[in-house]
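# Per-entry structural report
Here's the letter readout for the chains.
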Amino acid sequence: PMATAAGVVSPAEGESKLEAHGGATVGGGSARVASMRADFLYADFAKNRPFVNNVLLATLKNLAADLVAQCAVERKPLRRVDWRRNFVFCLFGAIYLGMFQYWYQINVFKRVFPDMERFTKQPLRAKLTDAKGLRALLAQVVMDLSMVASVYWPVFYVFKAGVGRSS
């Protein structure tokens, strides 16, 4: 059995659902069904644990971004990667981008902009004619840019100073 957003289904049910949506199956346990299982499991995880999901994604994104910076931009071979620097950027991703921004953009924005969810669920055409929603969206952008200037950059440079000590 596999867990999906709709509940637990058997592999055969998963295959029939996949075929109903245009997917092909191969030999009663296809790689496509396995892929579908992974997608459903991740979707369930992200839906049921959005905070943890956000922290993990932000951490992994920063890990990958610093590896790209070191290996592609600075042209370091993998054996010369500064793993302490990479760890500091992972911490920044986890703490600021994963934890703080989630709290701020989900909890604080919901309080300050109570119609935010209603606006985001509208189709694009409705959004474009929703003057109140568009004003709130503009206010969110201004609030977020103010946060970037007053919180993000100082926190980023504190973490960057930690990198400078490690090199």
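Computed from a prediction, not measured in an experiment: that's the story for all the values here.

### A word on the overall build of the chain
Helices and strands together make up the secondary structure of the chain, namely seven helices and two strands. Across the chain, helices and strands are ordered from the amino to the carboxyl terminus as β-β-α-α-α-α-α-α-α. Burial statistics for the chain: of 167 residues in total, 31% are counted as buried. Taken as a whole, the chain presents about 11,000 Å² of accessible surface, with 65% of it coming from carbon and sulfur.

### Quick look at the environment of C71
Within the element layout of this structure, C71 appears in helix α3 (residues 50-73). Residue C71 is classed as partly exposed on the basis of its relative accessible area of 28%. With residues near it in sequence (within four places) discarded, C71 still touches K76, L78 and V81.

### Quick look at the packing of α3 against helix α4 (residues 83-112)
In contact at an axis separation of 8 Å, α3 and α4 are set at 145° when each is read in the N-to-C sense. The interaxial crossing formed by α3 with α4 has right-handed handedness. A per-class count over the contact of α3 with α4 returns 15 nonpolar, seven polar and three charged.

### As for α4
Taking the largest bend as the criterion, α4 deviates by roughly 35°, centred on Q101. The N-cap residue of α4 is D82: its side-chain oxygen and the backbone nitrogen of R84 are 3.2 Å apart.

### So, the packing of aromatic side chains
By the definition in use, this model includes 17 aromatic pairs. The interplanar angle of 75° and the centroid separation of 5.6 Å between the aromatic rings of F92 and F156 together place this pair among those described as edge-to-face. With a gap of 64 residues between them, F92 in helix α4 and F156 in helix α7 (residues 131-166) connect regions that are remote in the sequence. Here F92 and F156 have matching classes, each one buried. Where Y96 meets F100, the ring centres are 5.2 Å apart and the plane angle is 35°; that geometry is what we call tilted. You can see Y96 and its partner F100 sitting in helix α4, four residues apart, about one turn around the helix.

### Comments concerning the environment of V108
Along the polypeptide, V108 turns up in helix α4. Once residues within four sequence positions are removed from consideration, V108 is found in contact with W103 and M143.

### Concerning α3
Here α3 contains 24 residues, and its C-alpha end-to-end distance of 32 Å stays within 8% of the 34 Å for a straight helix at 1.5 Å per residue. Two residues or fewer after α3 comes R75, characterised by a positive phi angle close to 55°.

### Some thoughts on the side chain of D130
Within the secondary structure, D130 sits in the loop between α6 (124-129) and α7. With sequence-adjacent residues up to four places away left out, D130 is seen in contact with R118, F119 and Q122.

### Some points on the pattern of salt bridges
What the rule picks out here adds up to seven salt bridges. Of the charged contacts in the structure, one is a salt bridge between E117 and K121, with a shortest N-O distance of 4.0 Å. Using a relative accessible area of 37% as the deciding quantity, one classes E117 as partly exposed. Through salt bridges that share partners, D66, E74, K76 and R85 make up one connected network.

Analysis parameters
Residues numbered from 1 in each chain as written. Predicted model: local features only at pLDDT ≥ 70, side-chain atom pairs only at ≥ 80, totals over all residues. Heavy atoms only, no water. Helix = DSSP H or I, 4+ residues; strand = E, 2+ residues; numbered from the N terminus. Buried < 20%, exposed > 50% of the residue type's maximum accessible area, 1.4 Å probe, protein only. Areas by Shrake-Rupley, 256 points an atom, 1.4 Å probe, with all protein chains shown as cover. Contact = heavy atoms within 4.5 Å. Axes fitted to C-alpha atoms, helices over the stretch in contact; angles between N-to-C directions. Left-handed = near helix turned anticlockwise from the far one by under 90°. Nonpolar A, V, L, I, M, F, W, Y, C, P; charged D, E, K, R; others polar. Bend = angle between axes of the 7 residues up to and from the residue. Polar contact = N/O pair within 3.5 Å; in protein donor to acceptor, adjacent residues only side chain to side chain. Phe/Tyr/Trp six-rings, centres within 6.5 Å; stacked < 30°, edge-to-face > 60°. Expected span 1.5 Å × (residues − 1). Salt bridge = Lys/Arg side-chain N within 4 Å of Asp/Glu carboxyl O.

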